[in-house]
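# Structural overview
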Amino acid sequence: MIPQEVEDSGVLYFTRHYRLRPGQEEPPRGKTPATGDLDYLKFGVFPGDNGCFSITLCLPDVEEELRRAIVKPEVFDAICRALPGVEPWIDPERTEPMSRVFGMGDLLSRWTDFTPGGRAAVLGFFAVGDSLARTNPLYGRGCSFAAVGATALREALDATPDPAERLVRYQARATAELKPYYLVMRDADRTAMRRARRALTPGARLNLRQRITKSFLDDGVAIAIRSDPDLMRAFLRGFHMLEHPQAWLKRPGNLAKILGYWARGRKANAEAYRPTGGPERREMLERLGLSPDADVERLKAA
Ligand SMILES: Cc1cc2nc3c(=O)[nH]c(=O)nc-3n(C[C@H](O)[C@H](O)[C@H](O)COP(=O)(O)OP(=O)(O)OC[C@H]3O[C@@H](n4cnc5c(N)ncnc54)[C@H](O)[C@@H]3O)c2cc1C
């Protein structure tokens, strides 16, 4: 028996490809972000070469009305036009669409343990990359996971000819180096799912602990990173897998700085907040001619 931890990451991706018209340039970058997270919708622009780029919109799976409509190119573009940082990218004078809207789902987080209880469950078989661990592509770490796993496997193969010992060594190193990231990503997906459900639950309120955590992350950590280049570097070391993802937060100097920014309050930190990336859910759905209440009612009845 080979134990696997599997759970849905709770989102679906929709992507459309575009190309700049001859002589046109990418829009100038402003303060309004071309990537963002509105809880009911995540979005991002991905420039490529030869004037090509794609736009990806990511929906929580509870947003069924939006999910059904977004595959229509005119709805996809209407959503993009409602996002101030994305809208200039699809200005018809600048850009033409090159594809239909592609959907991607079945996004599972999956961790496999080939050495349950510290004993090899299979001999002569080493799973690397997505066959060892899968995560939501949102975080862009799948290739890094594969590279770290391959390095761990090479070391295990060099260390001993014994197939059981090789697997135990390989799994132990892969677990030590990759599992902390896997867990952080899985937990971030869980938080995003809770936020998406809350957006569909009228009157839902965070309890005190949740409010404090949210404020610490939004008004403390995020603001401190944007305000202090040293903190940004420290954060990016974990983000880019050069050390444990939360190691930087545990260093007293970094934590003190974050608490300092948090304590200053929103007014003093006003410059560090990103402008809102787009409309609230109700406004967006009404603009698209969709019912903002249909999914709310469906969840209530479920
Ligand atoms: C849309 C999307 C966006 C992503 N974005 C990022 C990103 O920005 N950054 C990042 O790091 N990761 C990203 N990932 C994840 C990343 O692509 C994967 O984690 C990574 O490719 C896994 O590598 P792998 O070698 O395990 O598998 P794969 O890259 O899938 O390679 C497996 C290969 O095996 C081949 N194959 C399958 N069956 C057989 C067979 N029976 N015989 C022979 N060959 C076979 C397949 O054709 C394939 O070439 C993204 C994934 C997706 C789907």
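### Thoughts on the nonpolar core
If you look at the biggest cluster of nonpolar residues, it comprises 30 residues, and the most contacted ones within it are Leu41, Ile55, Leu57, Phe76, Ile79 and Leu83. At the level of elements, β2 (11-20), β4 (42-47), β5 (52-60), α1 (64-70), α2 (73-81) and α9 (281-287) are the ones that each hand at least two residues to this core. Filtering out sequence-adjacent residues up to four positions away, isoleucine 79 remains in contact with Leu41, Leu57, Leu66, Ile70, Met284 and Leu288. Counting 18 residues, the second-largest nonpolar core is a separate cluster that includes Ala133, Tyr170, Tyr182 and Met241.

### Digging into the pairing of strand β7 (residues 108-112)
With 4 of its 5 residues buried, β7 lies for the most part within the structure. Where strand β1 (residues 4-8) lies against β7, 5 bridges are found, and the strand directions are antiparallel. Within β7, the position partnered with glutamate 7 by the bridge is serine 109. Across 2 bridges, β7 lies against strand β8 (residues 133-134) in antiparallel orientation. The partner of arginine 110 across the bridge, within β8, is arginine 134.

### Some details on the side chain of serine 54
Along the chain, serine 54 turns up in strand β5. Apart from residues lying up to four places away in sequence, serine 54 is in contact with Thr15, Arg16, His17, Gly44, Val45 and Phe46.

### Brief notes about the packing of aromatic side chains
Counted by the stated rule, this structure contains 8 aromatic pairs. Residues phenylalanine 114 and phenylalanine 125 carry aromatic rings whose centres are separated by 6.0 Å and whose planes lie at 55 degrees to one another, so their mutual orientation is tilted. Linking phenylalanine 114 in the loop between β7 and β8 with phenylalanine 125 in the loop between β7 and β8, this pair joins segments that are 11 residues apart in sequence. Assessed through its relative accessible area of 7%, phenylalanine 114 is described here as buried.

What counts and how
- Residues numbered from 1 in each chain as written.
- Predicted model: local features only at pLDDT ≥ 70, side-chain atom pairs only at ≥ 80, totals over all residues.
- Heavy atoms only, no water.
- Core = buried A, V, L, I, M, F, W, Y, C linked by side-chain atoms within 4.5 Å.
- Buried < 20%, exposed > 50% of the residue type's maximum accessible area, 1.4 Å probe, protein only.
- Helix = DSSP H or I, 4+ residues; strand = E, 2+ residues; numbered from the N terminus.
- Contact = heavy atoms within 4.5 Å.
- Pairing = 2+ DSSP bridges.
- Phe/Tyr/Trp six-rings, centres within 6.5 Å; stacked < 30°, edge-to-face > 60°.

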